Amino acid sequence: MAPPAPPVRQLVLVDLLSLMLATGPGRRVVVAVDGPDGAGKTHLVHELVALAEHVAGRQVLAVSVDDFHHPRALRWAMGRDARTHYEDAFDYAALRERVLRPFRDGGPVVPASWDLAQDRPLDPDPVHPGEDALLLVEGVYLRRPQLVGEWDATCLVTAPARVTVPRGNARFPDRRVPGDDDPAHPANARYTGGQALYRQQSRTAPPTWIVDNTDLARPEIIVPDPDEPQWFEQG
């Protein structure tokens, strides 16, 4: 369970959850929560799910695209660079088959297909969403062209790379190398380069909302102007 948020952050979370809950009232709705590694999107989604138990008259569920990776042999078959991370990392067919299509059809969802750490299949018990449930799908690259039709709304959680890269690397202390807080360090190229490719391809699908999560205690919600793309092109 996510720890209690600081007071200002709590107010922002309430506002964001209210915006999401207003999407498609009375029916099942899917919102993609997108953003680069280290932006804080996973923690934010956990906060929203916990908050919903107290303030929402509607079921809120979450699924992570990290639980829908391809097997390591497939992910790495063409090398380990930015392009292969963007193109080969995730099994979107499994995400559609287990989550998105059954959710739309009113049935149960299976919230995972692959254990990334153990590199083995997962077959968790189905989850039975309510008829007006809000499903948050969290992960990277979710506004890519082949997924854009899957979402009722999208939320980009973002911060500058000088912030997200050190945050993301801090989660894996055993993988650290000297100087890797610098976004330009070669150790970060696979992920920062993947995000650069993604920003090029997602320009035509601006997010519904942006959360500037640079200051974790004081995030800011922005409703973007499609004519001012700098907000959703940072990374």
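Residues numbered from 1 in each chain as written. Predicted model: local features only at pLDDT ≥ 70, side-chain atom pairs only at ≥ 80, totals over all residues. Heavy atoms only, no water.

### Regarding the overall build of the protein
A tally of regular secondary structure across the protein gives 8 helices and 8 strands. By the compact-globule yardstick of 18 Å for 235 residues, the protein fits well, its C-alpha radius of gyration being 17 Å. Its C-alpha atoms put the protein at 50 × 40 × 35 Å along the principal axes. Of the contacts formed within the protein by residues at least 6 apart in sequence, a portion of 73% connects residues at least 24 apart. By element, 54% of the accessible surface of the protein is carried by carbon and sulfur atoms, the whole surface being about 11400 Å². Between the centroid of the 25 positive side chains of the protein and the centroid of its 33 negative side chains there is a distance of 3 Å. (Helix = DSSP H or I, 4+ residues; strand = E, 2+ residues; numbered from the N terminus. Rg over C-alpha atoms; globule rule 2.2 N^0.38 Å. Contact = heavy atoms within 4.5 Å. Areas by Shrake-Rupley, 256 points an atom, 1.4 Å probe, with all protein chains shown as cover. Lys, Arg positive; Asp, Glu negative; His and termini not counted. Charge placed at Lys NZ, Arg CZ, Asp CG, Glu CD.)

### Thoughts on the packing of aromatic side chains
Enumeration according to the criterion identifies 5 aromatic pairs in this entry. When the centroid spacing of 6.2 Å and the interplanar angle of 45° are considered together, the rings of Y86 and Y198 count as tilted. Here Y86, found in helix α4 (residues 82–88), pairs with Y198, found in helix α7 (residues 189–201); they are 112 residues apart in sequence, far enough to count as distant. Of the aromatic side chains, those joined through ring pairs into one cluster are Y86, F90, Y92, Y141 and Y198. Just above the ring of W76 sits the side chain of R72; from NZ or CZ to the centre is 5.6 Å. Positioned above the aromatic ring of W76, the side-chain terminus of R80 is 3.8 Å from the ring centre. (Phe/Tyr/Trp six-rings, centres within 6.5 Å; stacked < 30°, edge-to-face > 60°. Lys NZ or Arg CZ within 6 Å of the ring centre and 35° of its normal.)

### Section: the pairing of strand β2 (residues 60–64)
Of all 5 residues in β2, 4 are buried; the element is thus mostly enclosed. One ladder, built from 5 bridges, connects β2 with strand β5 (residues 134–139); its direction is parallel. In the sheet register, V63 faces β5, and the bridge partner there is V137. (Buried < 20%, exposed > 50% of the residue type's maximum accessible area, 1.4 Å probe, protein only. Pairing = 2+ DSSP bridges.)

### Here we look at the pairing of β5
The buried fraction of β5 amounts to 6 of the 6 residues, a majority that puts the element mostly inside the structure. Residues L134, L136 and E138 point to one face of β5 and L135, V137 and G139 to the other, with burial holding for every one of them. The pairing of strand β1 (residues 29–34) with β5 spans 6 bridges and is parallel. From the neighbouring strand, V31 faces β5, where its bridge partner is L136.

### Comments concerning the confidence of the model for the protein
With 94% of its residues at a pLDDT of 70 or more, the protein shows a mean pLDDT of 92. Note that residues 231–235 has pLDDT below 50 and, in this model, 24 contacts with residues that lie over four places away or in other chains. (pLDDT = per-residue confidence, 0-100.)

### Digging into the packing of helix α1 (residues 7–21) against helix α2 (residues 41–55)
One way to put it is that α1 packs onto α2 with a least axis distance of 10 Å and a crossing angle of 80°. When the axis of α1 is compared with that of α2, the two are roughly perpendicular. Contacts between α1 and α2 involve R9, Q10, L13, V14, L16, L17 and M20 from the former and H43, L44, E47, L48, L51, A52 and V55 from the latter. Tallied by class, the residues present in the contact of α1 with α2 amount to 10 nonpolar, 2 polar and 2 charged. (Axes fitted to C-alpha atoms, helices over the stretch in contact; angles between N-to-C directions. Parallel < 35°, antiparallel > 145°, perpendicular 65-115°, else oblique. Nonpolar A, V, L, I, M, F, W, Y, C, P; charged D, E, K, R; others polar.)

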